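# Coordinate inspection notes
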Amino acid sequence: MRLSLSQISLTAVVALGVILSTSWPSAEALPVGAINRRPHFSSTPLVARSAAALKSYDQHRVVRVNIQSEDQLKILTENEDSLHFDYFTHEKNIGGNIDIRLTPEDFVKFQSLNIGYTILIDNLQTILDQERDEDGQYQQKWENSKLNKVSMNGVAFPGNDDVFTNSQDWFSGYHSYEDHQTWLQTQIKKYATIASAFSAGKSFQNREQAGIKIGNGPNNVVFHGLQHSREWITGSVVEYLIDQLLRGTDSRVAGYLKKYTFHIIPIMNPDGFVITQSSDRMHRKNAQKNGECLGTDTNRNWNFHWNEGGASTDPCADSYMGPSAFSAPEAKNIGEYLKKLPNVVSYIDFHSYSQLWMTPYGFTGKRPDNYDTYLKPLAVGAVAALKAAGGTVFQAGDIYNTIYPASGSSVDYALSVGVGAPFAVELRDRGEFGFSLPANQIIPSGKEVWAAFTYILDNLKTK
Ligand SMILES: [Zn+2]
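This section reports on the structure supplied with the text. (Residues numbered from 1 in each chain as written. Predicted model: local features only at pLDDT ≥ 70, side-chain atom pairs only at ≥ 80, totals over all residues. Heavy atoms only, no water.)

### Digging into the side chain of Asp 271
By secondary structure assignment, the location of Asp 271 is in helix H9 (residues 270-278). Beyond its immediate chain neighbours, meaning those up to four positions away, Asp 271 contacts Ser 203, Phe 204, Gln 205, Arg 207, Ala 287 and Glu 330. (Helix = DSSP H or I, 4+ residues; strand = E, 2+ residues; numbered from the N terminus. Contact = heavy atoms within 4.5 Å.)

Below, the structure written as structure tokens:
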């Protein structure tokens, strides 16, 4: 649970008292929620993100516009570049909600557009500070566990095991890029009889798009997280699915591993992910320099109906499509991997946030031939299973008609190269925390997505 602002200031007062008295208060003396805030001394340096190096979003607002008319939509589109809209969500149709981040200066200009809106987040930096604070506490404990080879509850691991094999501890927080790599290699080594390593290729800055193959069935299923680097929950949920396939208690798993081979890449856009941890938490794109601005939106860069709407030609925009199709190596590598691999029966590209389970197409309102008979029932069944698992409500449908036009996206491309059932999924939440989803929602998110995922696996057309 996130602390309220009043709790944060209370903690600050307690912390000041601590400094002045030079002794730590007992846990009982601290307010509820602040107990874990007592400093832990560790001999290892923290990998936690340094506040000083990160771009500030002080006074940036996230506004929500409920679209009432085509005219409103037109005004927003006409002003999106000059007012530097950072679209957090994209539901650009009548009745839909669009969430937009605005600088304080652009917010003033936005108000003069006379479009109705509500304030979703009054000061984005407050949310980011809470996230970093929680993250810092977790990282202290995590580093101690790594160093001392004990779980966060202080239990020693048998043999050569370490905290990277402890699912409960791993999924209780977000992690550094380096720790994600170690986690993946640890699983591959530990489950070598059913898992192996692969890479889809290298990113622009030469990082591997590292993956794990699980199972040995004739039907291939490919999925990844973190195409958009600020959507941290997606990497964690993808890892949760890996964890379930390797050591989960679901009795169906042995059957899945005979029927399918899973090709899973937790971090599709590693350069962007490193940027979100080192300099700009809100970075969405890859790390290619485009003039004065950093990054191509890899999910507007896939080589199928590229540059046909719902993507920006402005290199500074967050949905910048790049100078040409597949100019982004991250998209090109996975695209070629999908094209070469025979019998890919499903592909899932995980995003956040909005709670949607979507099918092609994004570039056109025309639906694929098998939309009504196959793709839509799969998506509808997946969200029903997801809801049954914990109550969270997702919406199902094709991208263009349900949400927004988006050309050059991964799932349209996947369908074009013969993938059976491609999905673009938007995970939790619906805007309360947005991209800074608290870590205590990782396991609940993983559980509900596992339920949806197994529904898909149980109903795919296979060999
Ligand atoms: Zn995304």
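### Let's talk about the pairing of strand S13 (residues 395-398)
Bridging between strand S12 (residues 356-359) and S13 involves 4 bridges; their strand directions are parallel. Among the inter-strand pairings, Thr 359 is bridged to a residue of S13, identified as Asp 398. In this fold, the crossover linking S12 to S13 by way of helix H11 (residues 371-390) has right-handed handedness. (Pairing = 2+ DSSP bridges. Right-handed = clockwise from strand over helix to strand, strands pointing away.)

### Some words on the state of the cysteines
Scanning all chains against the criterion turns up 1 disulfide. A disulfide bridge connects Cys 293 with Cys 316, and the sulfur atoms are separated by 2.0 Å. Between Cys 293 and Cys 316 the sulfur-sulfur dihedral comes to about 80°; the bridge is accordingly right-handed. Note that Cys 293 is positioned in strand S10 (residues 293-294) and Cys 316 in the loop between S10 and helix H10 (329-340), a separation of 23 residues in sequence. In this structure Cys 293 comes out as buried when scored by relative accessible area, which is 17%. We classify Cys 316 as partly exposed; its relative accessible area is 45%. (Disulfide = S-S within 2.5 Å. Buried < 20%, exposed > 50% of the residue type's maximum accessible area, 1.4 Å probe, protein only.)

### Considerations on the sheet that holds strand S11 (residues 344-352)
Spatial ordering of the open sheet is given by S5-S6-S8-S7-S11-S14-S12-S13, a layout of 8 strands whose pairing is mixed. At either end of the open sheet lies a strand with only one pairing partner, and these are strand S5 (195-202) and S13. Ignoring which end each strand starts from, the neighbouring axes of this sheet average 20° apart. Its contacts with the sheet put helix H6 (residues 177-190) on S5 and strand S6 (208-214), and the angle it makes with S6 is roughly 25°. Across the sheet, helix H7 (residues 232-247) touches S5, S6, strand S7 (219-224), strand S8 (260-265), S11 and strand S14 (421-427), and the angle it forms with S11 is around 140°. (Axes fitted to C-alpha atoms, helices over the stretch in contact; angles between N-to-C directions.)

### Considerations on the packing of aromatic side chains
How two aromatic rings sit relative to each other is set out by the distance from centre to centre and by the angle between their planes. For the coordinates displayed, the defined rule picks out 29 aromatic pairs. Ring-pair connections join several aromatic residues into one group, and the members of that group are Phe 223, Tyr 260, Phe 262, Phe 350, Trp 357, Phe 423, Trp 450 and Phe 453. Over the face of the ring belonging to Tyr 177 we find Arg 207, whose NZ or CZ atom lies 5.8 Å from the ring centre. The ring centre of Trp 232 lies 3.6 Å from the NZ or CZ of Arg 281, which sits over that ring. (Phe/Tyr/Trp six-rings, centres within 6.5 Å; stacked < 30°, edge-to-face > 60°. Lys NZ or Arg CZ within 6 Å of the ring centre and 35° of its normal.)

### Brief notes about the pairing of S7
Along a regular strand, successive side chains alternate from one face of the sheet to the other. Of all 6 residues that make up S7, 6 are buried, and the element is covered over most of its length. In S7, alternate side chains face the same way, and those of Asn 219, Val 221 and Phe 223 on one face and Asn 220, Val 222 and His 224 on the other are all buried. Here S7 runs beside S8; their pairing, made up of 6 bridges, is parallel. Bridged to Asn 219 within S8 is Tyr 260.

### Some remarks on unusual backbone geometry
Here the residue pair Ser 352 and Tyr 353 is connected by a cis peptide bond, since its omega of 0° sits within 30 degrees of zero. In this model, Leu 226 sits at a positive phi of 55°, which is unusual for a non-glycine residue. With respect to the element layout, Leu 226 can be found in the loop between S7 and H7. For Leu 226, a relative accessible area of 1% translates into the label buried. Of note in the backbone geometry, His 305 takes a positive phi value of approximately 50° without being a glycine. Mapped onto the fold, His 305 is located in the loop between S10 and H10.

### Here's the deal with the nonpolar core
Residues Ile 214, Phe 223, Phe 262, Trp 357 and Leu 460 are the most contacted members of the largest nonpolar core, which totals 67 residues. With 9 residues, H7 is the single largest residue contributor to this core. By size, the runner-up hydrophobic cluster in this structure holds 25 residues, among which are Ile 334, Leu 338, Tyr 347 and Leu 356. (Core = buried A, V, L, I, M, F, W, Y, C linked by side-chain atoms within 4.5 Å.)

### Describing the sheet that holds strand S2 (residues 86-87)
Reading across the sheet, the 4 strands line up as S2-S3-S1-S4 and stay open at both edges, with antiparallel pairing between neighbours. Because the sheet does not close on itself, it has two edges, and the strands there are S2 and strand S4 (118-121). Two strands pair when backbone bridges link them, and strand S1 (residues 61-66) and strand S3 (residues 97-102) are joined in this way by 6 bridges, in the antiparallel orientation. From the neighbouring strand, Val 65 faces S3, where its bridge partner is Ile 98. Across the face of the sheet, helix H2 (residues 70-79) comes into contact with S1, S2 and S3 while running at roughly 25° to S3.

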